[in-house]
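Results of the structural survey
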Amino acid sequence: MRRGPADRWGAPAQLLHWTIVVLIVAMAWLGLTMVDMPNTPAKVERYALHKSLGLLVLALVAVRLLWRVYAGAPEPLPAPRWQRWLAQGTHFGLYLLMLAMPLSGWIANAYSGFPLRWFGLFRMPQPIAADEALYDLTRDVHEWLFWLLLVLALAHAFAAVWHHLFLGDATLSRMLPRGWLKPPAPTQEEIR
Ligand code: HEM
Ligand code: HEM
């Protein structure tokens, strides 16, 4: 059942989509720059920020999924069946990776044996014992999942911009507040 508008993504879905995009970009930057820092207190702080922000992403993705199930999606735009399948497959993969990224980081951190306090406020549960070999493995998984997410997200963003610029449809404008992007002109068919 759909509870949001039929012709575009509703405000909560848009807000969650773009907030999570910004946070993932920040997370990628933090992750990639923190690993090569010299061993100073600043490095420990960066790691702590990366972990706390990453757990916030996990919570927001959970809210987003619940909202998606509750509010549904707008009516799909006309497109060949293979394109619709490709888009749905990509979206499914992105949802999986948005969950797997923070979960793999959290598991890796638990194997490292480092205590984890969420923004310094409270201690997160770490119900697994420290294990160096498993830490190395899960850390590698965390990194590889990130490269996969990067490829999929870039293809996804490229497709959205392509739809707007070259196919002239509302794919991108309906994921933005009304009036932010000029919607495509209606076709003669739609005017009639
Ligand atoms: C959306 C969520 C996340 C993204 C996009 C992300 C991304 C990254 C990236 C790009 C790296 C650098 C990989 C490398 O070059 O080795 C990294 C490292 C790391 N991340 Fe995350 N991360 C996320 C969530 C988390 C969470 C929730 C935790 C822990 C609670 C975490 C723990 C770590 C740790 C411990 C490392 C460092 C591994 C090392 O020292 O080699 N990450 N992350
Ligand atoms: C970290 C990067 C990103 C992730 C993880 C992501 C994830 C997603 C997911 C999972 C959906 C499907 C929504 C659903 O069916 O519930 C979606 C939709 C959408 N995203 Fe992204 N996105 C990212 C970046 C971007 C960027 C940079 C753009 C634009 C340049 C963009 C434009 C769109 C649009 C237009 C839709 C609606 C597609 C439709 O109506 O079929 N996304 N995004």
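Now for a description of the structure that goes with this document.

Cut-offs applied
- Residues numbered from 1 in each chain as written.
- Chains lettered and ligands numbered in written order.
- Predicted model: local features only at pLDDT ≥ 70, side-chain atom pairs only at ≥ 80, totals over all residues.
- Heavy atoms only, no water.
- Helix = DSSP H or I, 4+ residues; strand = E, 2+ residues; numbered from the N terminus.
- Buried < 20%, exposed > 50% of the residue type's maximum accessible area, 1.4 Å probe, protein only.
- Near = heavy atom within 4 Å.
- Polar contact = N/O pair within 3.5 Å; in protein donor to acceptor, adjacent residues only side chain to side chain.
- Nonpolar A, V, L, I, M, F, W, Y, C, P; charged D, E, K, R; others polar.
- Donors = N, O, S within 2.8 Å, 3.2 Å for Na, K, Ca; no water.
- Tetrahedral: all angles 85-135°; square planar, octahedral: opposite > 155°, others 65-115°.

**Here's the deal with the overall build of the protein**
Broken down by element type, the protein carries five helices and two strands. Along the protein, from the amino end to the carboxyl end, the secondary structure elements read α-α-α-β-β-α-α. Structurally, the protein occupies a C-alpha span of about 65 × 30 × 30 Å along its principal axes. Every one of the 192 residues in the protein was classed for burial, and the buried ones make up 30%.

**Considerations on the site of ligand 2**
Near ligand 2 you find 20 residues, and of these W9, H17, R68, Y95 and H156 are the closest. Here an oxygen atom of ligand 2 and a side-chain polar atom of Y95 are 2.5 Å apart. One nitrogen or oxygen atom from the side chain of H156 is found 2.8 Å from a nitrogen atom belonging to ligand 2. Taken together, the elements giving at least two residues each to the shell around ligand 2 come down to helix 1 (11–34), helix 2 (41–71), helix 3 (81–112) and helix 4 (132–167). Here the shell around ligand 2 takes five residues from helix 4, the largest share from any one element. Residues of the shell around ligand 2, tallied by class, amount to 13 nonpolar, four polar and three charged.

**Overview of the coordination of the iron atom of ligand 2**
Listed as protein donors to the iron atom of ligand 2 are H17 (NE2) and H156 (NE2); their distances from the metal cover 2.0 to 2.1 Å. Relative to the metal, the six donor atoms surrounding the iron atom of ligand 2 lie at angles of 87 to 179°, and the coordination shape comes out octahedral. In this pair, H17 sits in helix 1 while H156 sits in helix 4, placing the two residues 139 residues apart along the sequence. With a relative accessible area of 10%, H17 lands in the buried category. Given a relative accessible area of 26%, H156 falls into the partly exposed group.

**Quick look at the site of ligand 1**
In the neighbourhood of ligand 1, 21 residues make up the surrounding shell, with M27, Y47, H50, R139 and H142 lying closest. In this structure, Y47 approaches ligand 1 through a side-chain N or O atom, which is 2.7 Å from an oxygen atom. H50 places a side-chain nitrogen or oxygen 2.8 Å from a nitrogen atom of ligand 1. At the level of elements, helix 1, helix 2, helix 3 and helix 4 are the ones that each hand at least two residues to the shell around ligand 1.

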